[in-house]
Amino acid sequence: MTDFEPLIIAFACNWCSYAASDVAGTSRTCYPANVRIIRVMCSGMVEPTYILKALDGGADGVLLAGCRPGDCHYISGNLKAERMVEGLRVLLRRLGLEEERLRLRWISAGEGGLFAKTIEEMVAQLKEKGPSRLKKSKGGISGI
Ligand code: FES
C-alpha cells in the first residue's frame, strides 16, 4: 500500500491550534497536504457525532486539537474534549477501528512546528495502518 495517502480531518480550536496551523503556514513550515482543517471555537464544542461523521465520510484519521490545559478560552472546554475522546475511543474499538485513528493534542498558538509535526506523525502512522475500514467498505471518499 505504498501509494496510499491518508485523509485527515483536523478540528482545531480558533484560539490556539488553528492559530498554530496559521503560524506553520506563515513561517513556511512544511507538512503533508493530507489534512483538511476545520476551525472550531473550542475543542469542547466538537461533538462525538462530528468525529464519527468525518470517519464515516471518508477520513482515515481525525485530529482534535485545542489549547493546553489551563489555557482554554472557555475555561474547561479542552477538559470536556478529553473526556469525550476517551469515551469515543471505546466506541471506535467496538466498531473495529483502531483508536490511533483519533488523536487529541494540545497545541498552543505559537507552536506551528508542533502542529506540523503532529500531522507528519499522523500521516506516517496512518500510512502504516492503511485506509480506514469504513472507507474501504464504501469504496472511496465521499462528501468531504
Ligand atoms: S478555546 Fe481552545 S480548547 Fe477551548
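Please read all numbers here as calculations on a predicted model, not as lab measurements. (Residues numbered from 1 in each chain as written. Predicted model: local features only at pLDDT ≥ 70, side-chain atom pairs only at ≥ 80, totals over all residues. Heavy atoms only, no water.)

Scanning the chain from terminus to terminus reveals five helices and four strands. Counting from the amino terminus, helix and strand elements in the chain follow one another as β-α-β-α-β-α-β-α-α. Over its C-alpha trace the chain gives a radius of gyration of 14 Å, about what one expects of a compact globule, namely 15 Å for 144 residues. Viewed in the frame of its principal axes, the chain has a C-alpha envelope of about 40 × 35 × 25 Å. Every one of the 144 residues in the chain was classed for burial, and the buried ones make up 44%. Sequence-distant contacts, at least 24 apart, represent 80% of the contacts inside the chain between residues at least 6 apart. When the accessible surface of the chain is split by element, carbon and sulfur atoms take 53% of a total near 7400 Å². Positive and negative side-chain charges of the chain, numbering 20 and 16 respectively, have mean locations separated by a distance of 3 Å. (Helix = DSSP H or I, 4+ residues; strand = E, 2+ residues; numbered from the N terminus. Rg over C-alpha atoms; globule rule 2.2 N^0.38 Å. Buried < 20%, exposed > 50% of the residue type's maximum accessible area, 1.4 Å probe, protein only. Contact = heavy atoms within 4.5 Å. Areas by Shrake-Rupley, 256 points an atom, 1.4 Å probe, with all protein chains shown as cover. Lys, Arg positive; Asp, Glu negative; His and termini not counted. Charge placed at Lys NZ, Arg CZ, Asp CG, Glu CD.)

The interhelical angle for the contact between helix α2 (residues 48–56) and helix α3 (residues 77–94), taken along N-to-C directions, is 40°, at an axis separation of 10 Å. Our classification of the angle between α2 and α3 gives oblique. Note that α2 runs across α3; the crossing there is right-handed. Along its contact with α2, which presents P48, I51, L52 and L55, the element α3 presents M84, L88, L91 and L92. For the contact of α2 with α3, a count of residues per class yields eight nonpolar, no polar and no charged. (Axes fitted to C-alpha atoms, helices over the stretch in contact; angles between N-to-C directions. Parallel < 35°, antiparallel > 145°, perpendicular 65-115°, else oblique. Left-handed = near helix turned anticlockwise from the far one by under 90°. Nonpolar A, V, L, I, M, F, W, Y, C, P; charged D, E, K, R; others polar.)

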